[in-house]
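A look at the structure
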Amino acid sequence: MSKVTQKGLEKILKGGVDKLHYLGEKLYINISGNSRIFFFRYTKDKRIRKYSLYGYHPETNTLANARKRVTEFNAMLAQGLDPHQQKQLKIDVAAKEEASRLDAGIIRDNTFEKVAYECIAHRTPQWTNPKSPQTWTNTLKTYAFPVIGHLPVSEIDRDQIVDILRPIWHTKYPTAKKVRQRIEAVFSYAIYYKLRSSNNPANYKDNLEIPLPPVDWIVTSHAALNYKELPEFMRELRKRDGLGARALEFLILNANRTTEVRKARWNEFDLEKRQWLIPVEVGRLGKTKKPHKVPLSTQSVEILLTLKKYQISDYVFPNTRSTNHLSDAGMDSVIKRMRKDKNWADDFGKKITVHGFRSTMRDYISEQTDIDRDVGETILAHTVGTAVERAYRRGDLLDKRRFAMQHWSDYAYGKPSAKVVQLRA
């Protein structure tokens, strides 16, 4: 039988008869349902064998492509070679070359850098923050790898860890602390898998605390607006147009984290019940591992009803260019623009931050109301009480929180009210 041409193949494909169609020179195409697979079918040592040439595609795997491979295979057969055996030989040669490359030391086994990446991969499923693997990698790349990354993990000693940490121990203590903890974790991983002895050179107690004594470091919080200035701030904010301004307004009323608001979707809200259920989603609820129910004040519902009229996305506060959620800078840029009219700052003169409004609310609740601590902490989606207390607590303080959030919203908009007394019901 002569070779089937492209037109002949098209006729076969159009016919769509399920069977193995011969195309000439040991080339076949097998039609089975929607499948169109090229095969090289040959006899070697009295055995009929098939070699797949993959599925037919009018652009990436044409009849011409298949015939080119067939020409190569027929040449092999003419030399007494088996195409299947030649394929396996190539695989084996490649594997040997890779093994030789490793043995030559291009990639040295069990260096600190290699073990560090293994440790990060091992820990990744346990982390709730998707940025954790990258932050670990970045700190180790910056501070540890240049000094010990190339060294076998079994040969690194305490002096080299001190060399890494000493330059930043006093000037960048929070960073130095994280670097030490991450190096210690890598060595703990190495020790468990018997890549070094039980001595962890990055342990702090009775080890690094001698050359690197504790540092008195003042932890700075996010700059927060004094609650006494909030009504004025909200009046100015309401004059601003745009989704960034409405997102910031909504965030202040509900004392949210930035990402909780930026990624808020319409299906999370029940406006009839005046509730918002924030799901457990990576990067939204901090370390909280259960959904957070937010009681919505009258003012919060009004914002949502207004936005609903102009909905363009599944997100409540979308980026109007892409309909994705609002960017990280969306609310920050609103505050920056407002600072051109007035220097909005905290009590120490520092520029206020979006996250700081959570502290603004918390300060107001503590100083101006009799609402108890647990209600205030639950509003912020913080973990409240000991593990035993949480095990026995079944309620979510929703009614008390609803009362508190309405009082907070009224205050934020300058609505006068008497000092609130804690709801006891």
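As for the packing of helix 4 (residues 112–123) against helix 5 (residues 132–149)
- Where helix 4 contacts helix 5, the two axes come as close as 10 Å, and the packing angle between them is 165 degrees. With respect to helix 5, the axis of helix 4 lies roughly antiparallel. As for how helix 4 packs across helix 5, the hand of that crossing is right-handed. Taking contact as the criterion, the partners of F112, E113, A116, Y117, I120 and R123 in helix 4 are, on helix 5, P133, W136, T137, L140, K141, A144, F145, I148 and G149.
- Split by residue class, the contact of helix 4 with helix 5 holds ten nonpolar, two polar and three charged.

Focus on the sheet that holds strand 6 (residues 275–278)
- The three strands lie next to each other as 5-6-7, forming an open sheet whose pairing is antiparallel. Two strands close off the open sheet at either side, each with one partner strand: strand 5 (269–270) and strand 7 (292–295).
- Across four bridges, strand 6 lies against strand 7 in antiparallel orientation. By the bridge assignment, L277 is partnered in strand 7 with K293.

Description of the pairing of strand 1 (residues 19–24)
- In the sheet, strand 1 pairs with strand 2 (residues 27–32) via five bridges, with the strands oriented antiparallel. Bridge pairing in strand 2 links K19 to I31.
- If you look at the hairpin formed by strand 1 and strand 2, you'll find two residues sitting between the two strands, and E25 has a positive phi there, around 60 degrees.

Things to note about the packing of aromatic side chains
- This model, assessed by the stated rule, comprises 25 aromatic pairs.
- Here W169 and Y173 contribute two aromatic rings whose centre-to-centre distance is 5.2 Å and whose plane-to-plane angle is 90 degrees, an arrangement assigned as edge-to-face.
- A relative accessible area of 16% places Y173 in the buried class.
- Clustering of aromatic rings is evident, with ring pairs tying together F250, W266, F269, W276 and F317.
- Taking NZ or CZ as reference, K50 lies 4.3 Å from the ring centre of F39, over its face.

Some remarks on the environment of I12
- Secondary-structure assignment places I12 in helix 1 (residues 6–15).
- The class of I12 is buried, set by a relative accessible area of 18%.
- C-alpha of I12 to C-alpha of I29: the two residues are 17 residues apart in sequence and 9.3 Å apart in space.
- Setting aside anything within four residues of it in sequence, one finds I12 in contact with V4, H21, L23 and I31.

Some words on the environment of T369
- Examined against the element boundaries, T369 turns out to sit in the loop between helix 14 (356–368) and helix 15 (373–379).
- For T369, a relative accessible area of 6% corresponds to the buried category.
- Between the alpha carbons of T369 and W408 there is a distance of 9.8 Å; along the sequence they are 39 residues apart.
- Among the polar contacts listed, one links the side chain of T369 to the backbone oxygen of I365, at a separation of 2.5 Å.
- There is a polar contact of 3.2 Å between the side chain of T369 and the backbone nitrogen of I371.

A closer look at the side chain of H325
- Its location among the elements puts H325 in the loop between helix 12 (298–308) and helix 13 (329–338).
- Residue H325 is classed as buried on the basis of its relative accessible area of 19%.
- Reaching out from H325, the side chain makes a polar contact with the side chain of R262 at a distance of 3.2 Å.
- Residues contacting H325, with those up to four places away along its chain left out, are R262, K263, Y315, F317, P318 and N319.

Section: the pairing of strand 2
- Inspection of the sheet shows strand 2 paired to strand 3 (residues 35–44) by six bridges, in the antiparallel sense. Residue pairing in the sheet places Y28 in a bridge with F39 of strand 3.
- Where strand 2 folds back onto strand 3 in an antiparallel hairpin, the turn is made up of two residues, including G33, whose phi is positive at roughly 65 degrees.

Calculation criteria
Residues numbered from 1 in each chain as written. Predicted model: local features only at pLDDT ≥ 70, side-chain atom pairs only at ≥ 80, totals over all residues. Heavy atoms only, no water. Axes fitted to C-alpha atoms, helices over the stretch in contact; angles between N-to-C directions. Helix = DSSP H or I, 4+ residues; strand = E, 2+ residues; numbered from the N terminus. Parallel < 35°, antiparallel > 145°, perpendicular 65-115°, else oblique. Left-handed = near helix turned anticlockwise from the far one by under 90°. Contact = heavy atoms within 4.5 Å. Nonpolar A, V, L, I, M, F, W, Y, C, P; charged D, E, K, R; others polar. Pairing = 2+ DSSP bridges. Phe/Tyr/Trp six-rings, centres within 6.5 Å; stacked < 30°, edge-to-face > 60°. Buried < 20%, exposed > 50% of the residue type's maximum accessible area, 1.4 Å probe, protein only. Lys NZ or Arg CZ within 6 Å of the ring centre and 35° of its normal. Polar contact = N/O pair within 3.5 Å; in protein donor to acceptor, adjacent residues only side chain to side chain.

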